[in-house]
Every structure is written in structure tokens, then in C-alpha cells.
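# A closer look at the structure
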Amino acid sequence: MSLLDVRDITIRFGGVTALTNVSFSVEPGEIFAIVGPNGAGKSTLFNLISRFCEPDSGDVRLDGASLLGRRPADIAPLGIARTFQNIDLFETSTVLQNLLIGRHTRRRASFVSQAVFSPAARREEIAHREAVERVIDFLDLHASREQRIAGLPYGTRKVVEVGRALAMEPQIVLLDEPASGLSAEESRDMQFWISDIRAELGITILMVEHDMGLVSAVSDRVLVLAEGRVIALGSPAEVQSHPEVLHAFLGLDQSPAA
Amino acid sequence: MRVPFKTSYNHDIRLFADGYQASRYAALVALAVGLPFVLDDFLIGEVTGVLIWAVAGMGLMLLTGHAGQVSLGHAAFLAVGCYAHAILMDRFGLPFLASFALAGVITGIVGVLIAIPVFRLHGIYLAIATLALSMLVEDIIVLAEPWTGGVIGLTAPTITIAGMDMDRFTSPDRFYWLCLAIVLLITLGYRNILRAPLGRAFLAIRDSEVSAQAMGVRLAWTKAAAFGLSCLITGWAGALLGHFFYTFNHEVFTVVVSIQLLLMIVIGGIGSLHGAFYGALVVGVIPQAINIGRDWITEVIGSGGIAIPGLETGVFGLILVLFILFEPQGVHGRITKWRIYFELFPFYRRDLFRRQRSYLKTERVR
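Now for a look at the structure at hand. (Residues numbered from 1 in each chain as written. Chains lettered and ligands numbered in written order. Predicted model: local features only at pLDDT ≥ 70, side-chain atom pairs only at ≥ 80, totals over all residues.)

A few words now on the overall build of chain A. For chain A, the helix and strand inventory stands at nine helices and 10 strands. Its C-alpha atoms give chain A a radius of gyration of 19 Å, within 12% of the compact-globule value 18 Å for 258 residues. The principal-axis extent of the C-alpha atoms belonging to chain A is close to 75 × 40 × 35 Å. When the 258 residues of chain A are sorted by exposure, 43% land in the buried category. Once local pairs closer than 6 in sequence are excluded, the contacts in chain A between residues at least 24 apart make up 65%. (Helix = DSSP H or I, 4+ residues; strand = E, 2+ residues; numbered from the N terminus. Rg over C-alpha atoms; globule rule 2.2 N^0.38 Å. Buried ≥ 20, exposed ≤ 12 C-beta atoms within 10 Å, placed from the backbone. Contact = placed C-beta atoms within 7 Å.)

Okay, the environment of Ala32(B) next. Within the secondary structure layout, Ala32(B) lies in helix H2 (residues 19–38). Placed 317 residues apart in sequence, Ala32(B) and Arg349(B) show a C-alpha to C-alpha distance of 35 Å.

Let us now look at the interface of chain A and chain B. Taken together, the contacts link 35 residues of chain A with 30 residues of chain B. Breaking the side of chain A that touches chain B down by element, the ones donating at least two residues are helix H2 (95–101), helix H3 (111–115) and helix H4 (119–139) of chain A. Examining the composition of the side of chain A that touches chain B, we find that six residues originate from one element, H4(A), more than from any other. Here the side of chain A that touches chain B is composed, by residue class, of 17 nonpolar, nine polar and nine charged. (Nonpolar A, V, L, I, M, F, W, Y, C, P; charged D, E, K, R; others polar.)

Residue and element names in this part refer to chain A. One open sheet holds the four strands; their spatial order is E2-E1-E4-E5, and the pairing between them is antiparallel. Each end of this open sheet is capped by a strand with a single partner; those strands are strand E2 (16–26) and strand E5 (65–66). Relative to strand E4 (residues 57–62), strand E1 (residues 4–13) runs antiparallel, the two sharing five bridges. Residue pairing across strands places Val6 opposite Val60, the latter belonging to E4. (Pairing = 2+ DSSP bridges.)

Turning our eyes to something else, we now look at the sheet that holds strand E6 (residues 80–82) of chain A. Residue and element names in this part refer to chain A. Here we have six strands laid out as an open sheet, ordered E6-E7-E8-E3-E9-E10, and mixed in their pairing. Pairing within the sheet leaves two strands with one partner each, and these edge strands are E6 and strand E10 (229–234). Ignoring which end each strand starts from, the neighbouring axes of this sheet average 15° apart. Here strand E3 (residues 31–35) pairs with strand E9 (residues 221–226) via four bridges, running parallel. Pairing of Ala33 across the sheet is with Val222, part of E9. (Axes fitted to C-alpha atoms, helices over the stretch in contact; angles between N-to-C directions.)

Among all residues except glycine, the phi angle is most often negative; among peptide bonds, the trans geometry is most common. Residue and element names in this part refer to chain A. Located in the positive-phi region is Asp8, a residue other than glycine, with phi close to 45°. What makes Asp8 partly exposed here is the crowd of 13 C-beta atoms within 10 Å. Positive phi is not limited to glycine here, since Glu177 has a value of about 50°. For Glu177, a count of 21 C-beta atoms within 10 Å puts it in the buried group.

Residue and element names in this part refer to chain B. Direction vectors running N to C along helix H8 (residues 172–194) and helix H11 (residues 219–245) enclose 175°, while the axes themselves pass 12 Å from each other. Considering the angle they form, H8 stands roughly antiparallel to H11. Between H8 and H11, the contacting residues are Phe175, Cys179, Ile182 and Ile186 on the first element and Ile233, Trp236, Leu240 and His243 on the second. Of the residues contributing to the contact of H8 with H11, the split by class is seven nonpolar, one polar and no charged. (Parallel < 35°, antiparallel > 145°, perpendicular 65-115°, else oblique.)

In an α-helix there are 3.6 residues to a turn, and that puts residues three or four apart on one side. Between its first and last C-alpha atoms helix H12 (residues 255–268) of chain B spans 20 Å; for 14 residues at 1.5 Å apiece the expected length is 20 Å, and the two agree. Residues of H12(B) that are buried sit in contact with helix H3 (41–66), helix H4 (74–90), helix H6 (123–143), helix H13 (273–301), helix H14 (311–326) and helix H15 (330–344) of chain B. (Expected span 1.5 Å × (residues − 1).)

What follows concerns the pairing of E4(A). In summary, the side chains of a regular strand alternate between the two faces of the sheet. Residue and element names in this part refer to chain A. As defined by bridge partners, E4 adjoins E5 across two bridges and the pair is classed as antiparallel. If you follow Arg61 over to E5, its bridge partner there is Ser66. Connecting the antiparallel pair E4 and E5 is a turn made up of two residues, with Asp63 showing a positive phi of about 55°.

Residues and elements named next belong to chain A. With five of five residues buried, strand E8 (residues 204–208) lies mostly within the body of the structure. What you see with E8 is no split at all: Thr204, Leu206 and Val208 on one side and Ile205 and Met207 on the other are buried throughout. Across four bridges, the pairing between E3 and E8 is parallel. Counterpart to Ile31 in the pairing with E8 is Ile205. The sheet contact formed by strand E7 (residues 172–176) and E8 spans five bridges and is parallel.

Right, let's talk about the packing of H13(B) against H15(B) for a bit. All names here are of chain B. For the pair H13 and H15, interaxial distance at closest approach is 7 Å and the crossing angle is 110°. Classed by the angle they form, the pair H13 and H15 counts as roughly perpendicular. Here His274, Gly275, Tyr278 and Val282 of H13 come into contact with H15, specifically with Gly330, Val331 and His332. Of the residues that constitute the contact of H13 with H15, the class distribution is three nonpolar, four polar and no charged.

Shown next as C-alpha cells:
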């Protein structure tokens, strides 16, 4: 059974139809990329899965259970983590604190036990700290561990955001343009991390990305959206030679008749 | 500069970074405990006042500084705590400690109940809603005369713990130690919350509600917890204030007090536990400084004296404006910068804190 199943989703914002009958499913252990020109509805799709917007019709299922009717905060406990296109970190906190908030869904200590900081609360805190330290190791964030987000360079923030999602130990992570605004070198690093996230941590990845080089290098399947419609779905190579994709991205008209 | 060398995760979690820091705070507590042997009764009374205001400051700091929800109505919760405590002791004959604890809990529950309808309000709208609450409570106190004594008010019952008299006027030293113990316990609890998941959830909703939700932080629940905890602490401050003022009526808990509380945490340094204490010190010391200054001017100019109406409010306003312009992080921020200047001397750069001169979302009006 597929892990994440998006069925016939249609979303309208006033007169604009952001998504029209979009369907796809993400298999466990897959790296699934969504590409498309600006305004194609990619971020709307992510916001739908994180329950920040409501569909007019259709359904989203995780492991067969519908996500609709759940509140945004109930999505993370199901094992869906995400990053944001325009980095949305907790600016005044340190990298460490940001990653620790990623552990929020795994907290156990009761309120009273937190207020008196009982041995149980301390043990739990140490366990969280260890989990976060594994993420820091994984993403090479040691140097900026104690730094505030507000003073960090853009590239590092991008990595911290991925780290915060990983700290949750999710089943699936939604990466919204993980490589946008990164230098060529940082972008390469991100590419390796994305493949490592699946290979070493066994986490399924659903990502939106513009950088076709990155997409072809890591993803198993690519979904192409344009103006809210699915125009192609397949392996990176298949998709890149698809006539409608060439039309949407490059304006080339390679219909068989021509 | 001291860089603590960390060898275990416990090292990161514990209250003090190193033995040096721990000993400094221990010295401060020892000094505070020893104060009554040095100061006279009047000054001890003043210091007790600062301690109580620090508790109230911590109450608002939790809500506004850490959870990012502005409240202009915290005098209302001071009033709830104060009256609940006095009524519980007088009418129900509860002993001090039980009544004190219960008064805080009652205020906390009231806070949560108030919070539920105002959850969806942000920034200035939340400020106005809480301001309205503050005004409402003033009137309720007058209307609920059979319980609150109306405009005449109530007199604080005497405190006896284990047969020992702890009243403000008959034994100011013991009352001071009582307040000090309460302050220390609340500070410890506050600090514990800050290093636990709940404290991080507060910071999360302050900085980004969207992101916090994506991390699984439930907004409504966390805001309710922030209101509840904040009001719990504020209620305790109110209960102590009742004893401190001895007699109180509706005029003690006006909107001006709410604004003064907010001013206190902004001057002290919003978003830091230290800020509540620095703010209380500033608010406690300035009126005295103004009085002394006024006496001195009277002496210099000659007889007759001067009584400028609104002088105190004016001075507070000026200080607030200067802080917002030149040191948005308040006294705490300034002291931290001085400390780092000396620690790094001569390598301190002027721009070291430039990036951090950013405003918390609390301070922005959304």
C-alpha cells in the first residue's frame, strides 16, 4: 500500500483554481519530486498535506487514513515533517533549541514533572538531546550548534530546517525547495543529504524543487504540475522528454503533428 | 572569556553553566538572605516590594516575553489573586500556605477561561481585549461589595506559619524572608519550564505559529497553558501584594498597574527571566529616586516645595522611550553586553550584537 495517497484534489481560492483533480501516491522509501513553473500549485499541495488549507474536493490519506478533518498540529504526530520554502525557523532561539522543538511530538513528561524537573524529565531531556545530536552529526551542524538562527547564513538555516524536520524522526518528510537560494556547493551537499536521508534513516521524501539537476540526481519519480494540473508522472528521464513538459517549461511545441 | 567545556548532555541541561556561575548566584542568594541584618525596616520593606513586583513581572514575562502574547490586563489577575487569597483566609479560615497556593490556582483557572475566547486575537487586538478585562475587573470589585468590600476594600489577614508571626508591619524581616523563599521557588519552577518541552513550545509559538504547528505544537493548548501559568504566578504576586499593601480596594489594581507591569518587563529586557528582576528593581527604585530628587530640589530652591503632577509617569515614559530607541533588549541586554565587553577585552567589536538587535514578534504589531 502506498504511504501517502493524494486523490482527486481540487482547491479553489476565490476565482482561482490552484489545483484541479490532482492525484498521485508516494510509495514507502521513495524520493518523490514535484516540479512545475511558478504558480503551478506545488506549495498549495504541501500546505494541503500539512492541513493549512482545505480542499474543495478529494482526499489525502496517510497509510489509508484520511488527513482531512485533522488540525495542522495533529499532522506531525502521524510522522509527517516538513520544511518551508521561505525558511520558517524560530529566529531568536539557538540551533539546538530549534532542533529540540522538532522533538515536541515525542515529549512524555507531565507538566508537574517538567516544573520540578524530576529525574524522569531529565532522563527524557537527555534522550531528546541524544536524538538531536545524531541529527547534528548527520548534517554536520556542530559548528553552529549554540548559535542563534538570527545570525546564521542562509545556507546553514536551510540545513537547520531540514534538521528540525529530521529530529522528529518522521516516516515522511516534505521538503519545500530544499536547494533554492543555495550556492552550487551547498546544493551538492543538499543532494547528498537527501539521498542519505533515505538510505541511512529510511525516511520517505516528498519534495518540491526547481533545480532539475538535483531532481534528476536523487528522485525516483517526478510529478510535473502546471497551472494546477498533473501533466506528467514518471522517472526523471521520462518526464524530461515528455512533450507537454517541454511545452510548459520551455515553451517548445513538440506535438507529434509538427 | 570563559568557555565551559561540556562533557555530558547533563552539562547542557543543568541550571548553571559551570561552578563559577553557580557560586555567583549562590552568593547573590546569600546576600539576599542576609539583607535584613544590614538594612532598617523601611528599606527591607522596599526590597520586599521589589521582590513582589519581580514575581508579578515573571508572570507577565512568561506570557509576553516567552509565549509572545501581549497582555495589558495583568492588574486584573493581580486583583483576582489578591482578593481570592484574602477571602479564602478571612471567610474560609484557610491557613496562609493553603490559601496562597489555592489563590494562585484560582487565578490560573480564571486566566485559562479568559484565554479561551481571546485565542484568535493577535498583537494589538489581544492587548485591547486584555485592557478591557483590566477595566472590567475594577468595576466588578466595586460591584461585588459583599465579598470584596467595594470601594472601602479589604484588610489583609495576618500571616502565621507554624505559630510564627510573619506580618509585614510587625515582623518585616520574616515577611521579607517569606517573600524571598516564594520568589526563589517560582524562579526555579520558571527556569525548569523554560528548559523543558513546554518552555520550548512557548518560544515556538512566539516566533512562528505556522512552523510551531508543523512541529506538532498545538496552538490553543499551548496558549492556554501560557495564560494559565502566567496567571498562576501573577495570582501569587497579587496575594503577596495584598499583604504588602495591608489594605486594598479597587483603586490598587488599575489599568495603570497593568501598563506599569508591561513597562517593567520591557525595561528589564523582554524575553529573559533576568528582565523581570531588573524591571522590578527599576520600577521599585525610580519613585524613591524621584522623591529624593524632589526633596533635594526643594532644598536648593528654598521653601514652598514643588509638586509636579504626573512627574513619575513622565519619567517612566521617558525611560521607556529611551530604552526602546537605544536598547530594545532592556537592562538585561545592556548588562550582558557590558559583561561580554569585559570578558572579551580588548577584542570586543562594536558590531558584535548588531544582528541581534532584532525585535521579537511580541513587539511587532500584527
